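Observations on the three-dimensional arrangement
Take a look at the letters that make up each chain.
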Amino acid sequence: MAQKEQQRYARWYFGGLASAGASCVTHPLDLLKVHLQTQQGKLSLLRLTSKIVKEQGVTALYNGLSASLCRQLTYSTARFGIYEVSKQMVSSKGEPVSFLTMVGMASLSGAVGGFVGVPADLVNVRMQNDVKLPVESRRNYKHAIDGLWRVWREEGTRRLWGGASVATGRAVLMTVGQLSFYDQVKMYLLATPYFDDNVITHFTASLTAGAVATTLCQPLDVLKTRAMNAKPGEFSNLWHVVTYTAKLGPLGFFKGYIPAFVRLGPQTILTFMFLEQLKLNFGYLK
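Since the model is a prediction, treat every value here as computed from it, not as a measurement.

**A few points about the UniProt feature "transmembrane region" (unreviewed entry) in the protein chain**
Under the UniProt annotation, the feature "transmembrane region" (unreviewed entry) is placed at residues 97-118. What you have in residues 97-118 is 86% helix and 0% strand, and the ends, taken at the C-alpha atoms, are 30 Å apart.

**A look at the UniProt feature "repeat: Solcar" (unreviewed entry) in the protein chain**
Sequence positions flagged by UniProt for "repeat: Solcar" (unreviewed entry) are, in local numbering, residues 10-89, 97-188 and 197-281. When the span residues 97-188 is considered, its composition is 77% helix and 0% strand, and the gap between its end C-alpha atoms is 13 Å. From the first C-alpha to the last, residues 197-281 spans 14 Å; its make-up is 76% helix and 0% strand.

**Let's talk about unusual backbone geometry**
One non-glycine residue with positive phi stands out, namely N140, at about 55°. Note on placement: N140 falls in the loop between helix 6 (118-129) and helix 7 (144-155).

**What about the side chain of D30?**
Here D30 lies in helix 2 (residues 14-38). Judged by relative accessible area, which is 5%, D30 ranks as buried. In contact with D30, other than residues within four places in its own chain, are N124, Q128 and R263.

**Brief notes about the nonpolar core**
If you look at the biggest cluster of nonpolar residues, it comprises 19 residues, and the most contacted ones within it are Y83, F272 and L275. Sorting the residues of this core by element identifies helix 2, helix 4 (65-91), helix 5 (99-116), helix 9 (164-190), helix 10 (199-229) and helix 12 (257-282) as the ones contributing at least two each. Broken down by element, the residue count for this core peaks at five residues, all from helix 9. With residues up to four places along the chain from it excluded, the contact list for Y83 reads M102, M105, A106, S109, L179, S180 and D183. Counting residues in each nonpolar core, the second largest holds 16 residues, with C70, V118, M127 and M228 among its members.

**Regarding the packing of helix 2 against helix 3 (residues 45-56)**
One can describe the packing of helix 2 onto helix 3 by two numbers: an axis separation of 11 Å at closest approach and a directional angle of 110°. Judged on the interaxial angle alone, helix 3 and helix 2 are roughly perpendicular. Of the residues in helix 3, those in contact with L31, L32, H35 and L36 of helix 2 are L45, L48, T49 and I52.

**Comments concerning the state of the cysteines**
The final tally for this structure, using the stated rule, is zero disulfides. In this model C24 remains outside any disulfide bridge; the closest cysteine sulfur is found in C70, 13 Å from its own.

**Here's the deal with the confidence of the model for the protein chain**
Caution applies to low-pLDDT regions: their predicted coordinates should not be interpreted in detail. With 96% of its residues at a pLDDT of at least 70, the protein chain reaches an overall mean of 87. Counted against residues more than four places away or in other chains, residues 1-5, with its pLDDT under 50, gives two contacts.

Calculation rules
- Residues numbered from 1 in each chain as written.
- Predicted model: local features only at pLDDT ≥ 70, side-chain atom pairs only at ≥ 80, totals over all residues.
- Heavy atoms only, no water.
- UniProt positions renumbered as here; feature names shortened; annotations may be inferred.
- Helix = DSSP H or I, 4+ residues; strand = E, 2+ residues; numbered from the N terminus.
- Buried < 20%, exposed > 50% of the residue type's maximum accessible area, 1.4 Å probe, protein only.
- Contact = heavy atoms within 4.5 Å.
- Core = buried A, V, L, I, M, F, W, Y, C linked by side-chain atoms within 4.5 Å.
- Axes fitted to C-alpha atoms, helices over the stretch in contact; angles between N-to-C directions.
- Parallel < 35°, antiparallel > 145°, perpendicular 65-115°, else oblique.
- Disulfide = S-S within 2.5 Å.
- pLDDT = per-residue confidence, 0-100.

Given below as structure tokens:
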């Protein structure tokens, strides 16, 4: 039985499905992370949560869920799909995949996935941030498709890829931190006599990958969020976003780190747990 399970391979779209399932659980944490990154004040996580729930209700914590799912089904499907297909092609030669090869494949898949997912990511950030804006300034997108349509109609095609350079760079680091480190840590664990290919191993490897990915991505994540949430003309270029954020000091680039890790940790764990279960139950055998 164990031999059979080890031979199962993930289908190219499993990563997108697993990421979407994880987002349904972690979306409130993602929303709070966006709020902490876009504020210039020093409102704590608990006070911010209390403020949102008190003023908007508990359902406000799920603002932008449709955009979050749309983002995962584009961004994560692309990056997981390219990475899995590439990894399977390399491993089919009978030689173990080196860590540097994993990093290279993750970088490529992250760049493609990051670019593809920018429009949905932009709408996701805006919908999450809407609740903190004055009523007259809110965009009030009905759902992800409405948001994409309105950005295209009101601001033009180029605006759909606003912040694309930062988002793509972040996606590369995120994919390297999550996918390549998950595979590498899992490989190391399975090489010891203390771990088997089970839930404990998947949890340990994904928790480590989540911590690495958060640390790598946080500065670019802050810049990406600010760039995407900006009004037209607010920032002239990426350097303007950097200098604006730098006014808060070096830690300004790590604003929202704790909620980012609290969100990305469970997101990464759930994504890989779901992915392993999809692979086990619906994967294919060579």
